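# Coordinate analysis (summary)
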Amino acid sequence: MYAPPVQRLISELGKLPGIGQRTAQRLAFHILRADAEDATALADAIREVKERIRLCQVCFNLADEERCRICQDERRDAAVICVVEEPGDVIPIERTHEYRGRYHVLGGALSPIDGIDPEDLKIAELLARVEAGGVTEVVLATNPTTTGEATALHIAAALHERAPEAAVTRLASGLPVGADLEYADEVTLGKALAGRRAV
Ligand SMILES: [Zn+2]
């Protein structure tokens, strides 16, 4: 129906989450109409993130160096670790301005039905960080979903066994159940952080 390069662009855009065939076509025509400069900037931005962004060696957040900016920041309290599922979950917590500790990004949530087991996540790395000492609290900020809750329970049990000196807390309820952290507004999330309780 379209020239092969246009068809290729539509099909690549259509692979993005939430982008159906019609939206992919609309975006493709937008790009075709755009200045060459703007279109190239988009292509370059995609290439640059793939080339330069990797996972922080300590917390597995996104980083453009060996350690992410938060792990490099000496003012951040290394005794408190907030555990989240995805790098995108760090941003809403940072926006609350309620949290001054460090993070640990699991890379997903436990879901046996989808074949996601503890060894597929950065759980062993978290336990090693806590066992290394100096950590007084681990805040479990996985999503308030079935898989997020199961992940929090699994990690809490492992921490109680292997690092009993560290307190383990969970965000207070009040977050919309079944939703991802990244959709929570900062006031609600800030309250959930302030009201966290031991698990
Ligand atoms: Zn880091």
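Note: the structure precedes this text.
Okay, so let's go over this structure. (Residues numbered from 1 in each chain as written. Predicted model: local features only at pLDDT ≥ 70, side-chain atom pairs only at ≥ 80, totals over all residues. Heavy atoms only, no water.)

What follows is about the packing of aromatic side chains. Going through the model one piece at a time under the given rule, you end up with two aromatic pairs. For the pair Y2 and F29, a centre-to-centre distance of 5.5 Å together with 70 degrees between the ring planes defines the contact as edge-to-face. Taken together, the positions of Y2 in the segment before α1 (4-13) and F29 in helix α2 (residues 21-33) put the pair 27 residues apart, joining distant regions of the chain. Judged by its relative accessible area of 27%, Y2 is partly exposed. (Phe/Tyr/Trp six-rings, centres within 6.5 Å; stacked < 30°, edge-to-face > 60°. Helix = DSSP H or I, 4+ residues; strand = E, 2+ residues; numbered from the N terminus. Buried < 20%, exposed > 50% of the residue type's maximum accessible area, 1.4 Å probe, protein only.)

In space, the five strands of this open sheet follow the order β4-β3-β5-β6-β7, with mixed pairing throughout. The sheet is open, and its two edges are formed by β4 (101-105) and β7 (197-198), each paired on a single side. Helix-sheet contacts for helix α6 (residues 123-131) involve β3 (77-84), β4 and β5 (137-140), and the interaxial angle to β4 is about 150 degrees. (Pairing = 2+ DSSP bridges. Contact = heavy atoms within 4.5 Å. Axes fitted to C-alpha atoms, helices over the stretch in contact; angles between N-to-C directions.)

By the element assignment, C68 lies in the loop between β2 (62-63) and α4 (69-72). For C68, a relative accessible area of 2% translates into the label buried. Residues C68 and Q25, 43 residues apart in the sequence, show an inter-C-alpha distance of 36 Å. If near-sequence neighbours (up to four positions away) are discounted, C68 is found in contact with C56, C59, N61, L62 and A63.

Time to look at the pattern of salt bridges. Under the definition given, this model contains eleven salt bridges. Between D44 and R47 there is a salt bridge; the shortest N-O distance is 3.1 Å. Here R47 and D44 lie together in helix α3 (residues 36-52), a separation of three residues that amounts to about one turn. The partner of E137 in a salt bridge is R196, and the shortest N-O contact between them spans 2.6 Å. One end of the pair, E137, is in strand β5; the other, R196, is in the loop between α8 (186-194) and β7, with 59 residues separating them in the sequence. E137 sits in the buried class, given a relative accessible area of 13%. (Salt bridge = Lys/Arg side-chain N within 4 Å of Asp/Glu carboxyl O.)

Remark: α1 packs on α2, axes separated minimally by 8 Å, with the N-to-C direction vectors making an angle of 125 degrees. Judged on the interaxial angle alone, α2 and α1 are oblique. Viewed along their axes, α1 and α2 form a crossing whose handedness is right-handed. The segment α1 lies against α2, with V6, L9, I10 and L13 engaging Q21, A24, Q25, L27, A28, I31 and L32. (Parallel < 35°, antiparallel > 145°, perpendicular 65-115°, else oblique. Left-handed = near helix turned anticlockwise from the far one by under 90°.)

Below, the discussion takes up a nonpolar patch on the surface. A contiguous nonpolar surface patch, about 330 Å² in accessible area, is contributed by V49, I53, L55 and L62. The topology assignment puts L55 in strand β1 (residues 54-55). Given the relative accessible area of 44%, L55 is considered partly exposed. (Patch = residues over 30% accessible without salt bridge, like charges linked within 9 Å, V, L, I, M, F, W, Y side chains within 5 Å. Areas by Shrake-Rupley, 256 points an atom, 1.4 Å probe, with all protein chains shown as cover.)

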